[in-house]
Structures are given as C-alpha cells and as structure tokens.
Amino acid sequence: MARVFNFSAGPAVLPEEVLKEAAEEMLDFNGTGMSVMEMSHRSKTVERIIGEAEDNLRELMNIPPNYKVLFLQGGASQQFAMVPMNLMKNKVADYINTGQWAKKAIAEAKIFGKVNIIASSEDKMFSYIPELKGLKISDEADYVYICHNNTIYGTKFNELPETGDKPLVADMSSDILSEPIDVTKFGVIFAGAQKNMGPAGVVVVIIREDLISDDVLPGTPTMLRYKIHADNKSLYNTPPVYGIYICGKVFKWIKKLGGLEEMKKRNEAKAAILYDFLDSSKLFKGTVFKKDRSLMNIPFITGSQELDAKFIAEAKAAGFDNLKGHRTVGGMRASIYNAMPLEGVKALVEFMELFESKNI
Ligand SMILES: *Cc1c(COP(=O)(O)O)cnc(C)c1O
C-alpha cells in the first residue's frame, strides 16, 4: 500500500488512523454484526454515534449551550440558500466579498432579498482581506456574512468585523477545527465536512438558538428550515449516518492529540515551513498579502505557466498529489489541513527546493 501526500483542497486527506479504524469496523461495528452504513438511523447505536459526535464537537469548539449543532446535507452550498431563507426577516443582508465562495453565497442571497456588498477584495484578485475598521453595517441588515477562510485564494479573516447586534454568519468550510475560535462572536457557523472533518455529504451548522424560528421566508421547504432539524436533533429524515460517524472519529482524533490549541500550533508550524520557503525562493512566490495568509490553503506560482505545469506533473510523479491550483486561478495550491502530517509539508518543500535548483 502506497499512500501519497494528498494536498487536495477537498475532499481532502483524512487521518490515516481514522481510515484504518473505519476499515476494521466496516463489516462489524462494535459487535453489532453490521456496518454503520447498514444501520437504522433510529437505532440506539446510531443515536449514540451522532450524540457522541455532537458532544465531542461541542467540547472541542467550546460551543455554548445556547447554540444548536446540526448535521445536515446539501453541502456548504445549500447553506448559501438556507441562511437567507431562515434569517432574512427584513430581506436585507450585508456580505463581504472575498472570493468565489463568498460570490456564490451572494448570488444565492440575491434570490431572496437585497444584498449589500459592504467590502470587497476583488480589485486585487482576492489576494487580501478588506479593511474591517470603519465598516458600515446597514441598519436594516438581518445579518452580516463572511467566508472565514477562502479556500481558492488562500486568505483568512484573522480579525472579525464588528457587527454590533447583527448576527455574524460565517462559512468555515475550509478552516473549521484548525484553531480555537470564539463561537459566541457568531450567529451561525457552517462548514462542509470534506475539507477538515470527514467525507463529503455532511455539513455542520452551529447556530444560536434565538436565530431558529418558524418565521422563515414564505415558500421555504421543510427540509431547509433550521427549526425542523433542531427540533428533531438532526433526525427529521435519514441523516448522512456514515459521514457523521467518520466526522465523529476525526473529532476524537483531534481531542486525543490535544484539541484545537494543539491543532493551531501544528498548523502554524506546517504553514510556516511552506511560507518561509516561498518568501525566500527565487522561483516560487506566494500570491497572498502576508497578514491575511491562510493556514490551510497556500496558493503559489512560478510566474510561468509551463513551469507550473512541469512542477505539478513532476510533483505528482514523486507522490505529491493534487497540487494544481483551482481551475479558475491556475498556478499551484497546497492545502494542508489538520490531517496533513508535518512530514508531508517538509517533504514538499524539499521537493520544491530540488525543482528550483534544476529550473532556475
Ligand atoms: C468547498 C467549499 C464550499 C462548497 O462546499 P460544498 O460542500 O461542495 O457545497 C463552500 N465554501 C467554502 C469556503 C469551501 O471551501
């Protein structure tokens, strides 16, 4: 068995330990004589799997009791619609445009109401996070929306906008669990699982209870109401049981390693190795303003499309997979989520040094 170093932006690398454990339990979970995939979602076993996953996530993120944790489907993209459908009471919301995922959320929200773009970094190819001081929040806005870590462009909000009494909604698909955050600063946090938590098919929603109500936009389908899922503890219909089970294992794995403080330490150490190299390299360059660099997604270029392509091909042959940048921006991108080991980043940088020495 040869596993590669997988730098995919998502679906992404998972901890090997988790995959092995899941493999061992594939045919017979815990003496039940069946796979988790084959179990009724109404069984005690599945109830326990989901309950434990929620408890561990609450503990890891220090989620206060007045927040609900929901395990839903439809990906982060479905949240682009669910958020306005459930929160846009005045049919107005403020969005900060920091890249493609924010843009998609904006386009979706426009279906339901008025969207104010209160800040944007589009002028410089989304290579930075806009200035947040003095940001003008609209009086009538129902919420303020950010994409906390921009998977494609490699930027991250290191500070949060001051939104006063307006709930802050954050897409944390690509940086949830990468470091401690203060959940009380947010009204809603959502994250697709397939970057830093588990397999595709699960989206985690952490939502303050006062934002959950029957007062949703007319026409909101049952399945798109937070209240239905909150009232039914994510068991209104069949939830993505197997995905939640894997997420639960990842939560336990993070807990065992020391929680989010330890993840932050590890992620900072990994990112520093790559950023330090990019800052000193004569061939490779990072594309993001230093103060806004992501710990998770690191885009870089050589400046030549041919060299980029050569690098990506040679890297793949050497066991470094999925380094091609997003199809809309080109270049390279190394996604180094929690499950990417330090050795993977070190080996990549050694490979980049070697490539540089041969190609400059
Ligand atoms: C991947 C990603 C999405 C889209 O997730 P889906 O689960 O495919 O809908 C949305 N936002 C961010 C920040 C992402 O990284």
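Residues numbered from 1 in each chain as written. Predicted model: local features only at pLDDT ≥ 70, side-chain atom pairs only at ≥ 80, totals over all residues. Heavy atoms only, no water.

(A) View of the nonpolar core. Formed by 54 residues in total, the largest nonpolar core has its most connected members in Met61, Phe71, Leu177, Met197, Ile206 and Phe251. Considering every element that reaches this core, the biggest residue donor is helix α6 (residues 241-257), with 10 residues. Listed in part, the 33 residues of the second largest apolar core include Phe300, Tyr337, Val349 and Phe355. (Core = buried A, V, L, I, M, F, W, Y, C linked by side-chain atoms within 4.5 Å. Buried < 20%, exposed > 50% of the residue type's maximum accessible area, 1.4 Å probe, protein only. Helix = DSSP H or I, 4+ residues; strand = E, 2+ residues; numbered from the N terminus.)

(B) Layout of the domain arrangement of the protein. Domain assignment breaks the protein into domain 1 (17-256) and domain 2 (259-359). The straight-line distance from the C-alpha centre of domain 1 to that of domain 2 is 27 Å. At the junction of the two partners, domain 1 supplies 27 residues and domain 2 supplies 25 residues. Together, the buried faces of domain 1 and domain 2 total about 2,200 Å²; carbon and sulfur atoms form 56% of this surface. Where domain 1 meets domain 2, there are 1 salt bridge. Between Lys264 and Glu179 there is a salt bridge, with the nearest N and O atoms lying 3.3 Å from each other. Linking domain 1 to domain 2 there are 15 residue pairs in polar contact (both at pLDDT 80 or more). Looking at the side of domain 1 that touches domain 2, the elements that each hand over two or more residues are α2 (44-61), β7 (155-156) and α6. It is α6 that contributes the most residues to the side of domain 1 that touches domain 2, 3 residues altogether. Of the residues in the side of domain 1 that touches domain 2, the class split is 11 nonpolar, 10 polar and 6 charged. (Domains from an automatic or database assignment. Contact = heavy atoms within 4.5 Å. Buried area = accessible area lost by both parts, 1.4 Å probe. Salt bridge = Lys/Arg side-chain N within 4 Å of Asp/Glu carboxyl O. Polar contact = N/O pair within 3.5 Å; in protein donor to acceptor, adjacent residues only side chain to side chain. Nonpolar A, V, L, I, M, F, W, Y, C, P; charged D, E, K, R; others polar.)

(C) Just the sheet that holds strand β11 (residues 285-286), in detail. Taken together, 3 strands build an open sheet; the order of strands is β11-β12-β14 and the sheet is antiparallel. Strand pairing shows two members of the sheet lacking a second neighbour, β11 and β14 (332-335), which therefore form its edges. Note that β11 and strand β12 (residues 297-301) share 2 bridges and pair antiparallel. Directly across from Lys285, in β12, lies its bridge partner Ile301. (Pairing = 2+ DSSP bridges.)

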